[in-house]
Amino acid sequence: MTNTIRIYNTLTRQKEPFETVEPGKVGMYLCGPTVYAEAHIGHMVGPVIFDTIKRYLVYSGYEVNWVVNITDVDDKLIASSRKRGIPMSQVATEMTMDYLSNLQSLGVDQINSMPRATDNMGEIITFIEELIEKGFAYASGGDVFFDVTKDCDYGQLSNRSVEDQQGEGGGAAAKKKSAGDFALWKSAKDDEPSWKSPWGQGRPGWHIECSAMSRVELGETFDIHGGGLDLMFPHHENELAQSRCCHDKPMVKYWMHNGLMQREGAAAKLGGKSDRAENADAASNKISRSAGDGGLAQLIEEQTGDRIRFFLLRSQYRSTILFGDNALAEAGQALSTFYRLIERYDRLSGHSFYFGTEYAKTRATGDQELADASGELMEAVAAKRSVFLEKMDDDFNTAGAVSELFEMARSINRFIESEDLEDSKKRGDEAMSTLASAMSVLRELGAILGLFIKKPKTAGGDGSEDTVEGLLQLLIKLRADARAHKDFATSDTIRDGLAALDITLQDLKEGTSWEKS
RNA sequence: GGCGUCGUAGCCAAGUGGCUAAGGCAGUGGAUUGCAAAUCCAUUAUGCGCGGGUUCGACUCCCGCCGACGCCUCCA
């Protein structure tokens, strides 16, 4: 187990060595979605980076339990349910399915548990009772509030004082002792969905479910808690207050917050800042569902999940990521470098990269030049692998790590060129064994990032890949015949025609391959 | 008003108190090719928003300024 991982902790605002509560084990919790509407791309930043973090921790020898909650009861869900004339639970189910399918498309498959708020009402109510008992909360007119004045450490995560709190206002304000108090339990109005509690029919406040469910799944103190920067206040601040006060011990060792995503271009510069009132109507590049963003499933269909995942991983997770067509296109262009190399390897080796077939070690042929080239390649690959891991150790710097992958790909291509492996007559077992070894390192590191795990889709989405492949082979053969007769007019007609369909041909030493962009 | 983040080549984006400031995209020259595409080689920031300061030395630390942005209200 490496013990060199360092994590930027929002609580202390610095990178700290990673030390788990329990040796060798990691409990981590990520705030999941409120399932009232379709997800947008911004919702995937957290899941993708946490999925990668888990992969890396597992790779480093930890046993990791990763929990992502589903908030399936809140005001917006109620509003959506009324508007659509269907039960709140149905809205929640639909949107949960949308969310899960998006996660799957992006290769987020490391989550151990996804508890729902409505399945944990008993625990939530118990948690609130404990807080009341210990004097940190009070019931008031059917509602229950957390008393922020009783928590002398309140505000340490987001670095703000109780005096600064403006409070939620609205109807609940009159029931509160002080403006900064927040709801643990909300009494139900007329036909709202509700649950029975010691304070009457009602539903939980926003923050309490995370305190209750994280305790159930991960215990009173666990290792990592994550979420978007926008959740730092009030959500995480309040969660932290609830749990710390209830248990009289720290809730979380490392608080991690990912940067928010913004739309590229558009109103990038709109003068003034700082004055909320004036800026309230200013155009924003922010992505949010309340601004009508959504449709992630369609975006994934157009762009592929791999491309979006790679795009997200090319930035440091704490920074603001600018999202747009250009950015995605560039990511796709860059990613294809790896796909081409992988296809090249498959073609030369006759094996599938994705199945990870290992070559038997071969006896050296005594070719000194080859031995030197092999040694050079493996040395370069080992060096880049080592830097890759150092970058990941440093607060999961996926952006820096990716650059090592590019250099690795170049080294491998250089080897293929220098040994002329495109020529089957020069393709000996010794060279291919070296190539396979180098590729296996690419596979190993790619898997940490959740990349290059399965073959990407190349043909169109009509499901007839065999047909497409057959047609392409037919055209490639016709073109080869034309070229053999130096009928370049015909051969170029075929190639240009395919290019118009975004299909690019590549003439190799032996045969022709194609790819669709 | 309070709290906080950021400003690195045409674009995206890592990074470090001191060797030649990663990588990608785009571009240019070359190898290769019937021509391409792909791949490889070379090349593209004497400088890291601006002005001061600390230091033997700062892009990296401190202060000021300018600019972009986030939170303080539902938000990943």
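Predicted, not measured: the structure shown is a model, and the values here were computed from it.

Peer 1: Is there a simple way to explain the overall build of chain A in this structure?
Peer 2: Per the secondary structure count, chain A includes 15 helices and 14 strands. Viewed in the frame of its principal axes, chain A has a C-alpha envelope of about 90 × 50 × 45 Å. The buried share of chain A, reckoned over its 517 residues, is 36%. Summarising the internal contacts of chain A: among those between residues at least 6 apart in sequence, 73% fall at separations of at least 24.

Peer 1: In this structure, what is going on with the domain arrangement of chain A? I would like to understand it.
Peer 2: The accessible area lost on association of the parts is a frequent measure of interface size. Assigned domains within chain A: domain 1 (6-135 + 207-264), domain 2 (325-449) and domain 3 (465-516). A C-alpha centroid distance of 27 Å is found between domain 2 and domain 3. Listed per partner, the contact involves 5 residues of domain 2 and 4 residues of domain 3. Across the side of domain 2 that touches domain 3, the residue classes break down as no nonpolar, 1 polar and 4 charged.

Peer 1: Sorry if this is basic, but what is going on with the nonpolar core here?
Peer 2: Most often, soluble globular proteins keep nonpolar side chains buried together rather than apart. Grouped together as the largest cluster of nonpolar side chains are 113 residues, with contacts concentrated most on I128, L131, F146 and L184. Apart from residues no more than four positions distant in its own chain, I128 is found in contact with A137, V144, L184, W185 and I208.

Peer 1: Could you clarify how one ought to interpret the confidence of the model for chain A in this entry?
Peer 2: Should pLDDT be low for a region, the predicted coordinates there are not to be read in detail. Averaged over every residue, the pLDDT of chain A is 89; residues scoring 70 or more account for 92%. When pLDDT is averaged over each helix and strand of chain A, the minimum, 32, is found for helix 7 (residues 276-279) and the maximum, 98, for strand 4 (residues 63-68). Across residues 459-463 the pLDDT falls below 50, and counting only partners more than four positions away or on other chains, this stretch makes 4 contacts in the model. ipTM for the predicted complex: 0.94, alongside a pTM of 0.92.

Peer 1: Sorry if this is basic, but what is going on with the pairing of strand 5 (residues 137-140) here?
Peer 2: The two faces of the sheet receive side chains in turn, since in a regular strand these alternate between them. Sheet analysis places strand 5 next to strand 6 (residues 143-146), joined by 4 bridges and oriented antiparallel. Counted as the bridge partner of A137 is F146 from strand 6. In sequence, strand 5 turns back onto strand 6 through a hairpin of 2 residues, with G141 there showing a positive phi of about 60°.

Peer 1: Can you walk me through the sheet that holds strand 10 (residues 252-258) in this structure?
Peer 2: Picture the strands of a sheet paired through backbone hydrogen bonds; they go either parallel or antiparallel. One open sheet holds the 4 strands; their spatial order is 4-3-9-10, and the pairing between them is parallel. In this open sheet, the two strands that pair with only one neighbour each are strand 4 and strand 10. Averaged over all pairs of adjacent strands, the angle between strand axes in this sheet comes to 20°, irrespective of strand direction. Sheet contacts for helix 5 (residues 208-218): strand 3 (25-30), strand 4 and strand 9 (222-228); angle to strand 4, the most-contacted strand, approximately 155°.

Peer 1: It is not clear to me how the protein's contact with RNA strand B should be interpreted in this structure. Could you clarify?
Peer 2: Inspection of the region around RNA strand B gives 71 residues, with G42, G228, Q316, A334 and G400 positioned closest. Of all the secondary-structure elements, those providing two or more residues to the surface near RNA strand B are helix 1 (45-59), strand 9, helix 6 (232-247), strand 12 (321-323), helix 10 (325-349), helix 12 (398-418), helix 15 (488-500) and strand 13 (503-507). Grouping the constituent residues of the surface near RNA strand B by class yields 21 nonpolar, 28 polar and 22 charged.

Peer 1: Is there a simple way to explain the sheet that holds strand 6 in this structure?
Peer 2: Strands sit in the order 5-6-7-8 across an open sheet of 4 strands; the sheet is antiparallel. This sheet does not close on itself; its edge strands, each paired only once, are strand 5 and strand 8 (202-204). Mean inter-strand twist for the sheet, computed between neighbouring axes without regard to direction, equals 20°.

Peer 1: Would you mind showing me how to read helix 3 (residues 88-105) here?
Peer 2: In an α-helix, one turn spans 3.6 residues; hence positions three or four apart end up facing the same way. Here helix 3 is 18 residues long and its end C-alpha atoms lie 26 Å apart, about the 26 Å a rise of 1.5 Å per residue gives. Restricting attention to buried positions, one finds in helix 3 the residues M88, V91, A92, M95, Y99, N102, L103 and S105. In a view along the axis of helix 3, the buried residues occupy a sector of 165°, so they form one face of it. Turned more than 90 degrees off the buried face of helix 3, the exposed positions are Q90, M97 and Q104. For helix 3, the secondary structure elements touched by its buried residues are helix 1, helix 2 (75-84), helix 8 (296-303) and helix 9 (305-313).

Peer 1: What's the story with the packing of helix 4 (residues 121-133) against helix 6 in this structure? I'm lost.
Peer 2: Any two packed helices are characterised by how steeply their axes cross, that is the angle between the axes, and by the distance between the axes. One can describe the packing of helix 4 onto helix 6 by two numbers: an axis separation of 9 Å at closest approach and a directional angle of 65°. Every pair of crossing elements has a handedness; the one defined by helix 4 and helix 6 is left-handed. Here helix 4 contributes F127, E130 and L131 to the contact with helix 6, which in turn contributes Q242, C245 and C246. Its residues assigned to classes, the contact of helix 4 with helix 6 comprises 4 nonpolar, 1 polar and 1 charged.

Peer 1: Is there a simple way to think about unusual backbone geometry in this case?
Peer 2: If a residue is not glycine, its phi is most likely negative; likewise, a peptide bond is most likely trans. Here the amide bond leading from F233 into P234 is cis, since omega sits at 0°, within 30 degrees of zero. Relative to the elements of secondary structure, P234 occurs in helix 6. Phi at T304 takes a positive value of approximately 75°, unusual for a residue other than glycine. Of note in this structure, D395 is not a glycine but carries a positive phi near 55°. Checked against the element boundaries, D395 lands in the loop between helix 11 (368-393) and helix 12. Under the C-beta neighbour-count criterion, D395 is labelled buried, with 21 such atoms within 10 Å.

Peer 1: Any chance you could explain helix 14 (residues 465-484) here in plain terms?
Peer 2: Taking 1.5 Å per residue, 20 residues should reach 28 Å; helix 14 reaches 28 Å between its end C-alpha atoms and fits that length. Of the residues trailing helix 14, K486 is marked for its positive phi of about 55°.

Parameters at a glance
- Residues numbered from 1 in each chain as written.
- Chains lettered and ligands numbered in written order.
- Predicted model: local features only at pLDDT ≥ 70, side-chain atom pairs only at ≥ 80, totals over all residues.
- Helix = DSSP H or I, 4+ residues; strand = E, 2+ residues; numbered from the N terminus.
- Buried ≥ 20, exposed ≤ 12 C-beta atoms within 10 Å, placed from the backbone.
- Contact = placed C-beta atoms within 7 Å.
- Domains from an automatic or database assignment.
- Nonpolar A, V, L, I, M, F, W, Y, C, P; charged D, E, K, R; others polar.
- Core = buried A, V, L, I, M, F, W, Y, C linked by C-beta atoms within 7 Å.
- pLDDT = per-residue confidence, 0-100.
- Pairing = 2+ DSSP bridges.
- Axes fitted to C-alpha atoms, helices over the stretch in contact; angles between N-to-C directions.
- Near = placed C-beta within 6 Å.
- Expected span 1.5 Å × (residues − 1).
- Arc of directions from axis to C-beta.
- Left-handed = near helix turned anticlockwise from the far one by under 90°.

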